[in-house]
There are 2 protein chains.
Amino acid sequence: MKVLNVPEATVNRLSVYSRFLDQLDKSGVITVSSGEIANGVGVSPAQVRKDLAYFGEFGTRGVGYNVKDLAHHILKILGLTHPWPVVLVGAGNLGTALCAYRGFRNRGFNIVGVFDNDLLKIGKRIQDLEVLPVERVPAVVAEHGVRIGIIAVPQSATQEVADLLVKSGVEALLTFGPAVVQVPEKVIVRNVDLSIKLEVLTFYLSFRKIHSGPWTKDDV
Amino acid sequence: MKVLNVPEATVNRLSVYSRFLDQLDKSGVITVSSGEIANGVGVSPAQVRKDLAYFGEFGTRGVGYNVKDLAHHILKILGLTHPWPVVLVGAGNLGTALCAYRGFRNRGFNIVGVFDNDLLKIGKRIQDLEVLPVERVPAVVAEHGVRIGIIAVPQSATQEVADLLVKSGVEALLTFGPAVVQVPEKVIVRNVDLSIKLEVLTFYLSFRKIHSGPWTKDDV
């Protein structure tokens, strides 16, 4: 399998399929068709089949997919069959919110260290973690074998923190907001842009506004 | 134009193209090819052309696209040629972080009201806004003609807040975290799942780990 050939949109959809399969499994559903997955997450059945086909053959023709098996396969593809220790730099409002975010722990992401350079924040407890000075990043990364770092600091400090994380051996960074960071080519960086989802909303709302007459379901 | 026929992935990519075109424009670039856009944002040139083709003809064969014109066209498609007033319910860490988030204002999203039901938070100032009691939501929504609401409350309160926003006339909701909300069909809901981007990182990191020998650029 050449990872390069898998579109990142497919990887994103696998995450979505995975959540849907978990729901089905919790509801006691045993098998599911690509059409049902497609319906459940809002893509075409052909897209579901194409996305899964990158990783081999899963289903049984005429029967569909075994929910538990497919859920496990997808977790395996995403690298989520084991937990991932993560460090978080920035103990401000965003960092504090991220520490409390249940979505991370549900998916096996364990924040093992929270860091800040603000003396007022260092020593504070967030959830079950004590905020440590940023100087401790290398030691915590080494101790827990951390490969992923989340950066939740003001834009002006993002590059400096990225440099520190990379120097400490972190291989993948998640940033927030519009800052662009320069890292060595082998380091993977993704950015969460919180306004992109709002733009999906304005796209649909704008269409409604220019639409004459009362809005009906068929329009959207 | 039937909005239904435009895949939501296309809408998301338009947001990404839009940011890239803004960067080019700021750098003084006048024209750009679909190949250059594709390169800049990491999709195929065919994908760029297909995404834009949903909305008519933009470029000139052999010349490419005028950066300013295309940027404006895309903003128009996304409904972003005018600002959008937004209300935010939840003045905890996440809500406070969202108020400070520059990415919203950059794209024309103005938070015109922040609400909470916690007496300790009501009356506090966040950025230039005073936290108001949730009871004030309907009045603020009416006053500013708000169509979009952001929900940043604990999972257990999400449904109640969604109901209040919808009753107040809000037509589109952005939620965070794993809670699923029930709303009338005409209301658009999108959810920001902060762990999905982390799963892109683990996907690539996992591939590295099973790969034998030193990692090289060609592998990813």
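Residues numbered from 1 in each chain as written. Chains lettered and ligands numbered in written order. Predicted model: local features only at pLDDT ≥ 70, side-chain atom pairs only at ≥ 80, totals over all residues. Heavy atoms only, no water.

Enquirer: So what's going on with helix α2 (residues 34-41) of chain A? Residues and values would help.
Expert: Owing to its 3.6 residues per turn, the α-helix aligns residues three or four sequence positions apart on the same side. Residues and elements named next belong to chain A. Buried within α2 are the following residues: Ser34, Ile37 and Ala38. Within α2, the buried residues cover an arc of 100° as seen down the axis, which keeps them to one side. For α2, the elements touching its buried residues are α1 (8-26), β1 (31-32), α3 (45-53), β2 (65-66) and α4 (67-77). In the segment just after α2, Gly42 is the residue with positive phi, at about 85°. (Buried < 20%, exposed > 50% of the residue type's maximum accessible area, 1.4 Å probe, protein only. Helix = DSSP H or I, 4+ residues; strand = E, 2+ residues; numbered from the N terminus. Arc of directions from axis to C-beta. Contact = heavy atoms within 4.5 Å.)

Enquirer: Describe the interface of chain A and chain B, with residues and values.
Expert: Across the contact, 69 residues belong to chain A and 69 residues belong to chain B. In this assembly, chain A and chain B are joined by 6 salt bridges. The partner of B:Glu199 in a salt bridge is A:Arg19, and the shortest N-O contact between them spans 3.0 Å. Mapped by element, the contributors of at least two residues to the side of chain A that touches chain B are α1, α5 (93-100), α6 (102-106), β7 (148-151), β8 (172-176), β9 (188-192) and α9 (195-210) of chain A. A breakdown of the residues in the side of chain A that touches chain B according to their chemical character gives 38 nonpolar, 14 polar and 17 charged. (Salt bridge = Lys/Arg side-chain N within 4 Å of Asp/Glu carboxyl O. Nonpolar A, V, L, I, M, F, W, Y, C, P; charged D, E, K, R; others polar.)

Enquirer: Account for the relation of the copies chain A and chain B, naming residues and giving values.
Expert: For the match of chain A to chain B, the screw axis carries a shift of 0.0 Å, the RMSD comes to 0.0 Å, and the turn is 180°. Those values place the two copies in the arrangement expected of a two-fold rotation axis. Among all residues of chain A, the one whose C-alpha sits closest to the rotation axis is A:Asn93, at a distance of 2.3 Å. With an isologous cut-off of 70% or more, the 100% of interface residues of chain A that recur at the interface of chain B puts this contact in the isologous class. (Least-squares fit on C-alpha atoms with pLDDT ≥ 70 in both.)

Enquirer: For the pattern of salt bridges, give the residues involved together with the corresponding values.
Expert: Two side chains of opposite charge can pair, provided their charged atoms sit close to one another. According to the stated counting rule, one finds 18 salt bridges over all chains in the structure shown. One salt bridge in this structure joins B:Lys121 and B:Asp118, with 3.3 Å as the shortest N-O distance. Classification of B:Lys121 as partly exposed rests on a relative accessible area of 24%. Given the relative accessible area of 25%, B:Asp118 is considered partly exposed. One network of salt bridges, with partners in common, ties together A:Arg19, A:Asp22, A:Arg107, B:Asp193 and B:Glu199.

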